[in-house]
Each structure stands twice: as C-alpha cells, then as structure tokens.
Amino acid sequence: MEEIQPTSADWRVHKFGGTSLNSPERIQHVANLLCARDVPSAVVVSAMGDVTDRLLEAADRAPAGNDALADRLQALHDDQRAVVTDLLDKAAAAPLLRALEQDMSDLADVLRATRLMGETPMTARNLVAGYGELWAARMLAGVLRDRDVPTAVCDAREVLVVTHEDLGPVVDWAATRERFAEWRAHHNADTLVITGFIATTPKGVPTTLGRNGSDHSAAIFAALLGAEALTIWTDTDGVMSADPRYVPDAQRLDTLSYDEAMELAYFGAGVIHPRTLAPAVEHEIPIVIRSTFAPERPGTRIHLDSDSTSVVKGFSTIDDVALLNLEGSGMIGVPGIARRLFRALENNGVSVILISQGSSEHSICFAVPQAHAETAREAAEQAFYAEMDRGLIQRVDVTPDCSILAVVGDQMAGTPGVAATFFGALGEADVNVRAIAQGASERNISAVVDGEDARRAMRAAHAGFYLSNRTLSIGIVGAGNVGAALLDQIRTQADRLREEQEIDLRVRGIATSSRMLRAEQRLDLDDWRDALGDGAPTDLDAFVDHVQTDYHPHTAIVDCTASEAVAQCYRDWLEQGIHVVTPNKHANTGSWETYRALQTASQGVGPRYLYETTVGAGLPILQTLDSLTETGDRVHEIEGILSGTLSYLFNAFDGDRPFSAILRQARQEGFTEPDPRDDLSGMDVARKVVILARELGMPLGLDEVNVEGLVPEALEDGSVEEFLASLPAHDDTMTEILRDAQSENKVLRFVGRVSRSGDASVRLRRYPHDHAFARIRHTDNIVRFQTDRYDETPLIVQGPGAGPQVTAAGVFTDLLRVML
C-alpha cells in the first residue's frame, strides 16, 4: 500500500449499516448521533434494510421478461419516496425526489437492456446493486442539511478505484488518492456522507467490494482521511466473546488487538470482516464497534494491542465444513506430497480452511466448505491416482457435516494449560474432536467437531474459560415458606459469594405446582414473586432440561416441597449428573431399596445428594452423625426432640393454660402445619427417626417405628375447624398427664429414639429438670448421641429446629457444600 497523506488530523469516520437506516425514525436517530459530535465526520452508509436484495432480484429476473418487474420497481420507488417525504418538508425533499425519478428511469433502461440481451452481465448487476447506497446517502445528507449541518455526498464510484484479484478487491491507492483529493477540492464540508459497498474499476466500470463491502469502504476512507478512529455502528454492543445466540453468557470484549480481531473474523465472528481490518492495520487506525441503539455504551476497541489480561478472548465457529483425510504409508518421507495435494485443490477452485498433519507424515487432514467436499475428494484422488493404484496411498476419507471451533487470544502464547482447559471442557461436554490445528503464534487453537456438537462445544469451551468452575445452575422447586426464604437469602448473598469466593450461584428456574419461571442467564430475584404469576404452566421435565445445560459446570435442583411425586424424580436427576438438595423427607423414608439407590447414585465424584435439613432443620444433625461414623465411632443410641412445633407446645404447656389454647395460638403464629394433626400425629418425627436409623446403616421402615401420637382417636377424621373446635374436650387428659409428670418433678417432651438394636419409637416422655431435654427453649430441637466415645457424657446438638428462615439457611448451606 502506498503512503497516504491524511487530509486532516481530526477526522472521525463512522459507518452505519442497513439496520441503522431502515426507517425514517432510525435515520433521524443517526443524524442525532452525528450532530452531537463537533469534529469533522465522514459517514459511510449501506443501503436501507432489504433494498439491495430487492434491486438484485429485479436484475436477476429482468432477462426472463418477468411481467411483475414493473410492479417491483414501482414498489421500490414508492417505498423510497415515502421515506424521503417522511423525513423532509416539500422544499428539502424536492431535489431528492427528482434524483430518485431519474434513478428509476435509468434503472428501467438498464433492466430493459438486460431483457433484450437475455442475461444480466456482472457490470449491470453491480450498477443496479449500488443504487441503495446512493439513496441512503442522499437521505441522511438531506436530514443533516435540514439541520443546517454543511454536508457533501460522495458517490464512491467517483473516487474509489479497485481491481478484482483472486484474494478479492484490491484498491488502487494512487488513483484513489488523486481522485479523492480532486473531489475534496470541490466539496468543502466538515461532514461527508459516502456511499459504501460501491466503487469503480480503472476503466470506469461500476463495481462493488463484495461481502461486508461497506465496512471495507469505511476503512478505506478512514485511511484516506488519516482519521483518528473508525467507528462501525451495528445492532450489537460490540464484539462478543462468542455468538450470544449460542452462548447466553457471552460477554462484550472491551478491547481486541488487530490480530485477535482478524482471527475471530476469519472463523466466523460476524461483527467485522478480515478485509475491513487491512487499511486500518496499515495506518494504525483504531476501530470501535458500537451499538447504534445504545450509543452510551463504550463498545469494543480494536487497535495494536489488547490491554486485557484475559488469556482467551473469544470463540468462533465455521459451520458446514467437510473434513478430508489423505492417508497412506507411501507418503512418509516423500517430498512434495503437500504441494501436489494443495495445487490440485487450487486448480479445482477449492478453498482449504484448515490443515492438520502429524509428524509421522502418514496422513494429511484438511477441511473445506461442505459444498466443495466432493470436488476436493475427486481432485485428491486424481492427483494421487498412481499412488492409490499401487497401494501407497490407501484412500481419501470424507467426513461431512463438521464445524470448526476456534479459541483466540494473544495471551495464549506461552501460557501453559490453555489447550488442557480447552480440550478438557470439550471432553466434559462429551464432544469428540476429529482434528486439531494450531499455528506457531499460539494465538489460535482450532478443533474440528461434528456439526451437531458445535453449539454444545462452543458453550462448553466458553464456560471453561469464562465461567468460574464454581458456577452453579440452580432450579428451585417449591416457592412456599422455605423456598421463598431460600431465594431471599441467595439474593442477599450472591454478590458477596461471587466476589469473595468465586462461587457463582445462578438461579435459572423457579417452579411451583402450577407455574414455572425460567431465565437463560439468571432470574432477577428482586421481583420473582410477581414474575412467577406470569410464568408458563409447570412442566417438570422441561424445567429440569432448562436448568441443566451443557455449558454450566454444575447443576442443582433444590426441592423445597413436601411432594412425594417430586421426590421420586431424585434418582433420575442424580443419574443425569444433577446435584439434589432438599428438606423433603419422602425419598429417604420410602423403601430401603430407593434409599440405597439414591446413596449409590451420589457416591464418588459425581453428583451429590444433600438433605441435612430433613432432620433438625438448620442444625448439623446428619453431618455430626456422619462425622462420628466416618471416624470409626460406634453409635449406640440416638434420641431427640425433633419437632420444633412439639418443642414449642411442651415448653409452653405448664398447666396455666389448656393444651388446646396453646395449640391454637401456635397455629396462629405459624408454628404448626395448617392442619396441626400433621404435627401431633408424630409421623413427621417418625420419618426423622427412620432417616437417622438409615444413616446408621439400619434398613428401618416407617411401619417399624412405634408411634404414640397425640391426636385423640375420635378426632383423627374431619376438617381442621372441627378438630380445633372439639380438642378442648380432651384438655383434661393432657392436663392429667402433665400433673403426673410434675408430681415426679419432671417435664414432658415429645421424643424420637432409635437404638443400635433396631428399637425405634416416637412418644411423649418424662425427663427430670436437670436433663438436657428439660432445658430447651422455644422451638429448639435437641439430639443426644450416645456412642463409644461419648458414653458417660453423650454428645448434644441443640438449636432452633423450626421456621422457614432456619430451614432455608440449612438448605443454603447444603447448596454451598455442592461447590466444596
């Protein structure tokens, strides 16, 4: 490239694409952005919306003499006229409308000529395609002039001279510089609106710059103007670390080096094209990618170096790829094999995307566009026909429907462990890698995978580098008292855990029996209650499928219900690799076989099944028992007050008030179940006894626990209201039991007990005032472990054992244990 003398040191070049200009409102918005800047600006524009496609469709249909062609042109004319008249008053619109009428007449003449010729030459096609940029440039300039901004419109075909070669359009810089200087001498304005995409050949024939041509145009004019920066305005916030359509956790990159941007662009990152970078790189012009619709955001800056410390910057894929493998012992040590192969491919017009060859030289593996796979195979077989005939080269294998996944970053060079993380993440996601390539710069590692695995591969690789290994995708089933309290606790602690301990708790789903709420990244826990009402009908299978992804390192389902149906899903979830955390007692008190299956499914390094809160709410009862048995202690007996409700009732029942009155008050204060018989029956305590026994390895069933409940037999049936109304009739019986205990200087406590021999009971017992069970307060739970080590002085665990906050805190603790 020849040295280009800048015309000014403070020019800024902006490029706006078709989505930024596809309505009068958006054109006005672009004008607002430009008017807010007080430095000379050159604005390169694309055609509005689908205008270029409609023009090319008209050009392609014209030779066939399509009767609807006139209607298509008229519709195009009417649309453009409507935009002009919407943007400008009659006087300001007049010159644009006259130019439009002339353009439509010229277009009709060109298309009439192609109809007579029976074909549309490329020169005619290029001429027709360029009208969209002309119209967009005139409209934007008209709006700026209407705001008293001195503006000149530059038809790039008057200035930009290119030739087309094998690698694409090549700028004739000398001719272009001369023409642009002459154009500038006749157009003295600090705002230039320039047509993108279109150019001219040295012979003056209209042409285009091809795909992403307007971005390329912008970079060329930035070089011609010696611009301080080139801003490409798009519909995204900048360059993302991965395609956000495939990777919801993709992050905007603050900075990229030219080399990083080039690699990402080559491997399919759609925000910028490699050809766009060349003029900017040559003149060290920073490129900024910003959103037209969020101009307050900084976007991504591309320049000489990236100031980020991130080792890996981004991930990109090329889809619809075929992988070919040329293999044979006759290739080993033979010079010229690669030259013959790639010359044959070149001669047949096949572009090679990736090459991989082992040091043994036994095979060469290469990737080509899927559409060229058969051509490439035939070319390779023809080139090595003699060797294949003699058996020196066995075959040319073709693996269709592949994708290439690339990981890119300047800091990858010399950093150990990048490849290990990359391929480890793919392995964890069960993605098979068919071929690998890496250049000496170490800026890029590419892997060929099956096309159907590409999305999963990208998500897994991105998570491997961008997500903490302590990221947990969480689905909470049940949003009642405990579930709601848990969500509130997570909300208040999530930021601290992420910042201080790198534990990233992402609640991505909440489900009740009727509605479910889901989010791709994380739910807003400030307003989940209101949002849940507008959620979808609950489908538990779909809910779990959403929560478990192929790009989050860990998944947990937290069951805060008392549902037996939900508990029956635990085994399937564990077998899917999902952690299960729950205060629900049903799974652990069903059949012994189910209990053992859950324990087996959660052994080793796989998913964890945590249920500390099934006994003692937030107290570490099961954790204490596990510590005793794992360290070799022998547990002889466990007994405890395991119901916060019954603890409260018998702490308050001192004879001054009837038992029925205390129960009614406890229900009003939320210390009992809606139906207090669920507490008084003793079955909840019996379930906890069964769990304790099974943790000791005893196959105790619920029907083997001797339960003496407190619900009078006559009141077992009927409504809650009937029960509460009839209970006072039985107060004398309860008072008599209390007086008998008081006569012995003892207190009443409702206790569950299990011994090593298998005896298990739940009933009301009497204890002296100096016993630990007599000294509890309010809703305390207390558990007494008698073991070989703790024989004369049993081990006691005591604390609050009821209430949604306490139970939720215990569930929260289990959830954090998943990450340990």
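See the structure shown above.
As a starting point, this report considers the structure included with it. (Residues numbered from 1 in each chain as written. Predicted model: local features only at pLDDT ≥ 70, side-chain atom pairs only at ≥ 80, totals over all residues. Heavy atoms only, no water.)

1. Digging into the pattern of salt bridges
Phase 1: Within this structure, the stated rule accounts for 42 salt bridges.
Phase 2: Linking Glu57 and Arg61 is a salt bridge whose minimum nitrogen-to-oxygen distance equals 3.1 Å. Taken as a pair, Glu57 and Arg61 lie in helix α2 (residues 51–61) at a separation of 4 residues, close to a single helical turn.
Phase 3: The class of Arg61 is partly exposed, set by a relative accessible area of 31%.
Phase 4: Between Asp237 and Arg297 there is a salt bridge, and its shortest N-O distance comes to 2.7 Å. On the criterion of sequence distance, the pair formed by Asp237 in the loop between β9 (229–234) and β10 (255–257) and Arg297 in the loop between β11 (287–291) and β12 (300–303) is long-range, its members being 60 residues apart. (Salt bridge = Lys/Arg side-chain N within 4 Å of Asp/Glu carboxyl O. Helix = DSSP H or I, 4+ residues; strand = E, 2+ residues; numbered from the N terminus. Buried < 20%, exposed > 50% of the residue type's maximum accessible area, 1.4 Å probe, protein only.)

2. Let's talk about helix α14 (residues 418–428)
Phase 1: Along α14, the residues classified as buried are Val418, Phe422, Ala425 and Leu426. Seen from one end, α14 has its buried residues packed into an arc of 100°, which puts them on one side. Exposed residues on α14 whose side chains face more than 90 degrees from its buried face are Ala420 and Glu428.
Phase 2: At its buried positions, α14 is contacted by β16 (395–408), β17 (433–438), β18 (444–450) and α15 (454–466).
Phase 3: Backbone geometry just downstream of α14 places Asp430 in the positive-phi region, at approximately 60°. (Arc of directions from axis to C-beta. Contact = heavy atoms within 4.5 Å.)

3. Some points on the environment of Asp146
Phase 1: Along the polypeptide, Asp146 turns up in helix α6 (residues 131–146).
Phase 2: C-alpha separation for the pair Asp146 and Pro248, spaced 102 residues apart in sequence, amounts to 43 Å.
Phase 3: Apart from the residues within four sequence positions on either side, Asp146 is in contact with Leu88, Asp89 and Ala92.

4. Some remarks on empty space enclosed by the protein
Phase 1: The full count for this structure, using the stated rule, is 1 cavity of 30 Å³ or more.
Phase 2: Taken together, Gln80, Val84, Leu96, Leu100, Trp135, Arg138 and Met139 make up the full set of residues lining the largest cavity.
Phase 3: Counting residues per element, the lining of the largest cavity draws most heavily on α6, which supplies 3 residues. (1 Å grid on protein atoms, 1.4 Å probe; cavity = no way out; pocket = protein on both sides within 12 Å on 5 of 7 lines; lining within 4 Å. Points joined across faces, edges and corners; volume = space filled by probe spheres on them.)

5. Observations regarding the packing of aromatic side chains
Phase 1: On inspection of all chains with the given rule, the structure shows 16 aromatic pairs.
Phase 2: Here Phe16 and Trp233 contribute two aromatic rings whose centre-to-centre distance is 5.7 Å and whose plane-to-plane angle is 10°, an arrangement assigned as stacked. One end of the pair, Phe16, is in strand β1 (residues 12–16); the other, Trp233, is in strand β9, with 217 residues separating them in the sequence. Both residues of the pair, Phe16 and Trp233, belong to the buried class.
Phase 3: An angle of 65° between the planes, with centres 6.4 Å apart, marks the rings of Phe315 and Tyr466 as edge-to-face. Here the residue Phe315 occupies a position in strand β13 (residues 314–327), and Tyr466 occupies one in helix α15, the gap between them amounting to 151 residues.
Phase 4: According to the relative accessible area criterion, Phe315 is buried, its value standing at 3%.
Phase 5: Classification of Tyr466 as buried rests on a relative accessible area of 18%. (Phe/Tyr/Trp six-rings, centres within 6.5 Å; stacked < 30°, edge-to-face > 60°.)

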